[in-house]
Amino acid sequence: MADLYDMQAEIYADTRPKYPKEWFALLAALTPHHIVAWDAGTGNGQAAFDQLADHYDRVVATDVSEGQLKHAVPHTKIRYIHTPISMPEDGLLALLGGEDAVDLVTIATAVHCFDLEKFYPVVERALRKPGGVVAYRNLTFPFDSVGVGAEGEQAAFEMKTNASFEWILQLLRTWSTVNIAKKQGINLLPAEVVEELEKAWGGRSLIREVTFSSFVIAGKPRTPATLREG
Ligand SMILES: C[S@@+](CC[C@H](N)C(=O)[O-])C[C@H]1O[C@@H](n2cnc3c(N)ncnc32)[C@H](O)[C@@H]1O
């Protein structure tokens, strides 16, 4: 998975729509402490530097792709860390400050890449108890709701941006589906498809307002007492 994101790290940094400030303010308001946030699968760090650093003293921003992290925007509050997929749970936890150290865990647009069975135990151990919150979007969500969505009922948000056709095309080129196919020798965006898309868009020079629908659920560990005793 890391090499898929290494491949398109440069265009990725220029093409992701920006997350609205209100979302992260809402998530930050759910945690009583604002010491450490962990942005997992941070990519070029846009949720870390543009959002989490506004609310937390320190942000740990991790990614399996060194290529993505090379394009991350430096920030005094953020520590970008390369965490290879083979990194053991205890190693990752130590980088986050140990058990009960993290106030907010976010996985912006990355949860589809994660092996969640491996990821949940780290989140549960890393989150501050009580008070720590994890937020991402997924169909399964084994945490107790804290009022922003719940398992099976994701909270919906919209991201709006003014986009040129070129920008949309670059965005499509960052999609993992497109890059997985490319690795297997299949070009999902050949010239004729691009031409058709361009016609549907209304021409290269047209700027359109694009609305991305997005979803999130925020939750806290279900059994903090048991976990701590365990
Ligand atoms: C679609 S990008 C999202 C980046 C950023 N969070 C955003 O919202 O723009 C997904 C990122 O997750 C990273 N990733 C994939 N699997 C991961 C894992 N198991 N642990 C950490 N990062 C991972 C990829 O390298 C990639 O940078």
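Residues numbered from 1 in each chain as written. Predicted model: local features only at pLDDT ≥ 70, side-chain atom pairs only at ≥ 80, totals over all residues.

### Quick word on the domain arrangement of the protein
- Per the domain assignment, the segments making up the protein are domain 1 (2–157 + 216–229) and domain 2 (165–206).
- For domain 1 and domain 2, the distance between their C-alpha centroids amounts to 29 Å. (Domains from an automatic or database assignment.)

### Focus on the site of the ligand
- Near the ligand, the surroundings consist of 22 residues, among which Gly41, Gly43, Ser65, Ala108 and Cys113 are the closest.
- Counting only elements with at least two residues in the shell around the ligand, the list comes to helix H1 (2–7), helix H4 (46–50) and strand E2 (58–63).
- Its residues placed into classes, the shell around the ligand shows 11 nonpolar, 9 polar and 2 charged. (Near = placed C-beta within 6 Å. Helix = DSSP H or I, 4+ residues; strand = E, 2+ residues; numbered from the N terminus. Nonpolar A, V, L, I, M, F, W, Y, C, P; charged D, E, K, R; others polar.)

### Thoughts on the environment of Ala28
- Position of Ala28 relative to the elements: it lies in helix H3 (residues 21–28).
- Judged by C-beta crowding, with 18 C-beta atoms within 10 Å, Ala28 ranks as partly exposed.
- C-alpha separation for the pair Ala28 and Tyr56, spaced 28 residues apart in sequence, amounts to 8.1 Å.
- The contact partners of Ala28, leaving out residues within four places of it in the chain, are His34, His55 and Leu104. (Buried ≥ 20, exposed ≤ 12 C-beta atoms within 10 Å, placed from the backbone. Contact = placed C-beta atoms within 7 Å.)

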